[in-house]
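Structural overview
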Amino acid sequence: QLQLVESGGGLVQPGGSLRLSCAASGFTLNDYCIGWFRQAPGKEREGVSCISSKATSTHYADSVKGRFTISRDNAKNTVYLQMNSLKPEDTAIYYCAADREWGLCVLFGPWYEYKYRGQGTQVTVSS
């Protein structure tokens, strides 16, 4: 089965850290750029970060710059999102998506256009 699976979410206090993983099964991520998205209750899904297939380029939303870091390990077929200095407004369901088109990833293109999309992992930042 071809799928992306997110993991690593949970409950964390403000100022804390989490590392999310996006693992592919049934296909290799080597040729795909990966985007991380999030959706908070009552809000639209928004792009958070993306990384090119060879990790030569990354892009971040202004709201997470300097706090989040995206990386990938193609040998493990996994992409990571390290989230530091978390704030309550970071609370959301986090999703990853994969596509061959860097133009789609870097512009945080429409979610439904990505070839592969995960089911999400909940991140809650609260004291």
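Before reading on, note that the structure itself is shown above.
In this text, all values refer to a predicted model and were calculated from it rather than measured experimentally. (Residues numbered from 1 in each chain as written. Predicted model: local features only at pLDDT ≥ 70, side-chain atom pairs only at ≥ 80, totals over all residues. Heavy atoms only, no water.)

**A few points about the packing of aromatic side chains**
What the rule picks out here adds up to 7 aromatic pairs. A centroid spacing of 5.7 Å and a plane angle of 65° characterise the contact between Tyr32 and Tyr116, whose relative ring orientation is edge-to-face. Within this pair, whereas Tyr32 is found in the loop between β3 (18-25) and β4 (33-39), its partner Tyr116 is found in strand β10 (residues 116-117), the two being separated by 84 residues in sequence. With respect to burial, Tyr32 and Tyr116 carry one shared label: buried. With 5.4 Å between their ring centres and 65° between their planes, Tyr95 and Trp111 make a pair best called edge-to-face. (Phe/Tyr/Trp six-rings, centres within 6.5 Å; stacked < 30°, edge-to-face > 60°. Helix = DSSP H or I, 4+ residues; strand = E, 2+ residues; numbered from the N terminus. Buried < 20%, exposed > 50% of the residue type's maximum accessible area, 1.4 Å probe, protein only.)

**Some words on the state of the cysteines**
Applying the stated criterion across every chain yields a total of 2 disulfides. With its sulfur 2.1 Å from that of its partner, Cys22 forms a disulfide with Cys96. Judged by the sign of its S-S torsion, about 75°, the bond between Cys22 and Cys96 is right-handed. Pair noted here: Cys22 is in strand β3 and Cys96 is in strand β9 (residues 92-99), with a separation of 74 residues, a long-range link. (Disulfide = S-S within 2.5 Å.)

**A look at unusual backbone geometry**
The backbone of Ala55 shows a phi angle near 65°, a positive value even though the residue is not glycine. The topology assignment puts Ala55 in the loop between β5 (46-51) and β6 (58-60). For Ser85, which is not a glycine, the phi torsion comes out positive at approximately 50°. Tracing the sequence through the fold places Ser85 in the loop between β8 (78-83) and β9. Since its relative accessible area comes to 40%, Ser85 is described here as partly exposed.

**Topic: the pattern of salt bridges**
Side chains carrying opposite charge are able to pair once their charged atoms draw close together. The tally for this structure, following the rule as stated, stands at 5 salt bridges. The closest approach of N and O atoms between Asp31 and Arg100, which form a salt bridge, is 3.7 Å. Here the residue Asp31 occupies a position in the loop between β3 and β4, and Arg100 occupies one in the loop between β9 and α1 (102-106), the gap between them amounting to 69 residues. For Arg100, a relative accessible area of 52% puts it in the exposed group. (Salt bridge = Lys/Arg side-chain N within 4 Å of Asp/Glu carboxyl O.)

**A look at the pairing of β3**
Where strand β1 (residues 3-7) lies against β3, 5 bridges are found, and the strand directions are antiparallel. In the sheet register, Glu6 faces β3, and the bridge partner there is Cys22. (Pairing = 2+ DSSP bridges.)

On their own, these measurements won't tell you what the molecule is for.
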